[in-house]
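Observations on the model geometry
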Amino acid sequence: MGAHVLLAEPRGFCAGVDRAIEIVERALAKFGAPIYVRHEIVHNTYVVSDLKAKGAIFIEDLAEVPAGATLVFSAHGVPKSVEQEAQRRGFTVFNATCPLVTKVHVEVAKLHREGYEFIMIGHAGHPEVEGTMGQLDAGIHLVQDVADVARIEPAQHDKLAVVTQTTLSVDDTADIMAAIKARFPKIREPKQQDICYATQNRQDAVKLLTRQVDVVIVVGSPTSSNTNRLREVAQKLGTTTYMIDSAAELRPEWFAGQPRIGVTAGASAPEILVRQVLERLDQLGIGSVRKLGGIQETMKFPLPKGLKLIGDAERKLEHLR
């Protein structure tokens, strides 16, 4: 076919996802199965299925967790009420909330003590949004689009602050942010460092990729917010884009007369899925692969205490770091 593949850089797992998965793996190695995880640890079918096979049980309601169990909170974070219930019931808890999400929770708590109300930009029903809004009993208002900005009614306008779902980039929130600032000129904006580096980096990489290819393949599960945003970024730039959960979903007709194929992956999609996509493309005669230059991410987040292993058990998990 004479076609070739360009690989986006960076792509796939971010530091928060790496950390969350390692927490579950270490809990299984140290305490044995089952380990209970509130909500999917990250939004990826392959990852969740793999951990299920190793003994992780994913639940939504803590009523499903037996007394004395070990419980992990997912990377998306949880409301205060869930933390309090887990503590009240005496579970051994390991918090896999992404430290960047935790940073937002800490900021909300701090500003709340100073008398602030909040506007949160995010998607209703997403667990990160539920977790962040659940840090307070009241005084946090969700907006999903520009129209929502006109509808919300904070109790006061002098002390208002904005927080955002971390899987949204600066570009994703620009129009909503402009509408918020127009209606609430005194609004306290998010700090630049509160923007998730991984979300922004992956979207910037897709912009670079999209300009050089005819078709973009985004690897990741449909439940993954950041993966959906990658698909949207490529589509908005006018490039035919397909989002797939696995290589089995690839269709040969997508590449007919399309010699330049771009491949990226959401922050919750493991590299093994990208390799399987490349293997399938090779079977279709598209075997030439080149990586695009991009930001090299070096971020690492520390693990919670209580998960250190010894000897062979530690060595078996060295690949996770």
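The coordinates are above.
Residues numbered from 1 in each chain as written. Predicted model: local features only at pLDDT ≥ 70, side-chain atom pairs only at ≥ 80, totals over all residues. Heavy atoms only, no water.

What follows covers the packing of helix 1 (residues 15–31) against helix 2 (residues 45–54). Across the interface, helix 1 lies against helix 2 with an axial gap of 11 Å and an inter-helix angle of 10°. On the basis of the axis angle, helix 1 is roughly parallel to helix 2. Residue-level inspection shows Ile21, Val24, Glu25 and Leu28 of helix 1 in contact with helix 2, the latter providing Val47, Asp50, Leu51 and Lys54. Looking at side-chain class alone, the contact of helix 1 with helix 2 contains 5 nonpolar, no polar and 3 charged residues. (Axes fitted to C-alpha atoms, helices over the stretch in contact; angles between N-to-C directions. Helix = DSSP H or I, 4+ residues; strand = E, 2+ residues; numbered from the N terminus. Parallel < 35°, antiparallel > 145°, perpendicular 65-115°, else oblique. Contact = heavy atoms within 4.5 Å. Nonpolar A, V, L, I, M, F, W, Y, C, P; charged D, E, K, R; others polar.)

Moving on: the sheet that holds strand 12 (residues 288–291). Spatially, 10-9-11-1-12 is the arrangement adopted by the 5 strands of the open sheet, whose pairing is parallel. Both outer strands of the open sheet, strand 10 (240–244) and strand 12, are each paired with one neighbouring strand and no more. On average, each strand axis in the sheet is inclined to that of its neighbour by 25°, with strand direction left out of account. Alignment of strand 9 (residues 215–219) against strand 10, held across 5 bridges, turns out to be parallel. Residue pairing for strand 10: valine 218 is matched across the bridge by methionine 243. (Pairing = 2+ DSSP bridges.)

Let us look at the nonpolar core. By size, the foremost hydrophobic cluster in this structure holds 31 residues, and its most contacted members are Val24, Val37, Ile41, Val42, Leu51, Phe58 and Val72. Contributing elements (two or more residues each) for this core: helix 1, strand 2 (35–38), helix 2, strand 3 (56–59), helix 4 (99–113) and helix 8 (197–210). Residue contributions to this core peak at 8 residues, all from helix 1. Apart from residues lying up to four places away in sequence, valine 24 is in contact with Val37, Ile41, Leu51, Ala56 and Val72. Formed by 22 residues, the second largest nonpolar core is a distinct cluster that contains Ala3, Leu250, Trp254 and Val277. (Core = buried A, V, L, I, M, F, W, Y, C linked by side-chain atoms within 4.5 Å. Buried < 20%, exposed > 50% of the residue type's maximum accessible area, 1.4 Å probe, protein only.)

Across the 5 residues that make up strand 9, a large majority, 5, are buried. Both faces of strand 9 are covered, namely the face carrying Val215, Ile217 and Val219 and the face carrying Val216 and Val218. Between the parallel elements strand 9 and strand 10, the chain passes through helix 9 (residues 225–236) in a crossover that is right-handed. Sheet analysis places strand 9 next to strand 11 (residues 260–265), joined by 5 bridges and oriented parallel. Bridging across to strand 11, valine 219 finds its partner in alanine 265. (Right-handed = clockwise from strand over helix to strand, strands pointing away.)

Once that is clear, we can look at the side chain of arginine 26. Relative to the helices and strands, arginine 26 resides in helix 1. A polar atom in the side chain of arginine 26 sits 3.1 Å from the backbone oxygen of leucine 307. What arginine 26 contacts, discounting residues up to four positions off in sequence, is Leu303, Leu307, Lys308, Leu309, Glu314 and Leu317. (Polar contact = N/O pair within 3.5 Å; in protein donor to acceptor, adjacent residues only side chain to side chain.)

Looking now at a negative patch on the surface. A cluster of acidic residues, Glu60, Asp61, Glu64 and Glu130, forms a negative patch at the surface. Position of aspartate 61 relative to the elements: it lies in the loop between strand 3 and strand 4 (70–73). Exposure remark for aspartate 61: the relative accessible area of 43% places this residue in the partly exposed category. (Patch = residues over 30% accessible without salt bridge, like charges linked within 9 Å, V, L, I, M, F, W, Y side chains within 5 Å. Areas by Shrake-Rupley, 256 points an atom, 1.4 Å probe, with all protein chains shown as cover. Salt bridge = Lys/Arg side-chain N within 4 Å of Asp/Glu carboxyl O. Lys, Arg positive; Asp, Glu negative; His and termini not counted. Charge placed at Lys NZ, Arg CZ, Asp CG, Glu CD.)

Our next topic: the environment of glutamate 114. Mapped onto the secondary structure, glutamate 114 falls in the loop between helix 4 and strand 6 (117–121). A sequence separation of 34 residues divides glutamate 114 from aspartate 148, and the C-alpha atoms of the two residues are 25 Å apart. A polar contact of 3.1 Å, which involves the side chain of glutamate 114, links it to the side chain of lysine 110.

Turning our attention to the pairing of strand 6. Remark: a regular strand shows side chains that alternate across the two faces of the sheet. Burial within strand 6 is extensive, with 5 of its 5 residues counted as buried. Residues Glu117, Ile119 and Ile121 line one face of strand 6 and the alternating positions Phe118 and Met120 line the opposite face, and both faces are buried. The pairing of strand 6 with strand 8 (residues 160–164) spans 5 bridges and is classified as parallel. Note on strand 8: the bridge partner recorded for isoleucine 121 is threonine 164. Inspection of the sheet shows strand 6 paired to strand 7 (residues 140–143) by 4 bridges, in the parallel sense. Within strand 7, the residue paired with isoleucine 121 across the bridge is valine 143. For the crossover that starts at strand 6, traverses helix 5 (residues 127–133) and ends in the parallel strand 7, the hand is right-handed.

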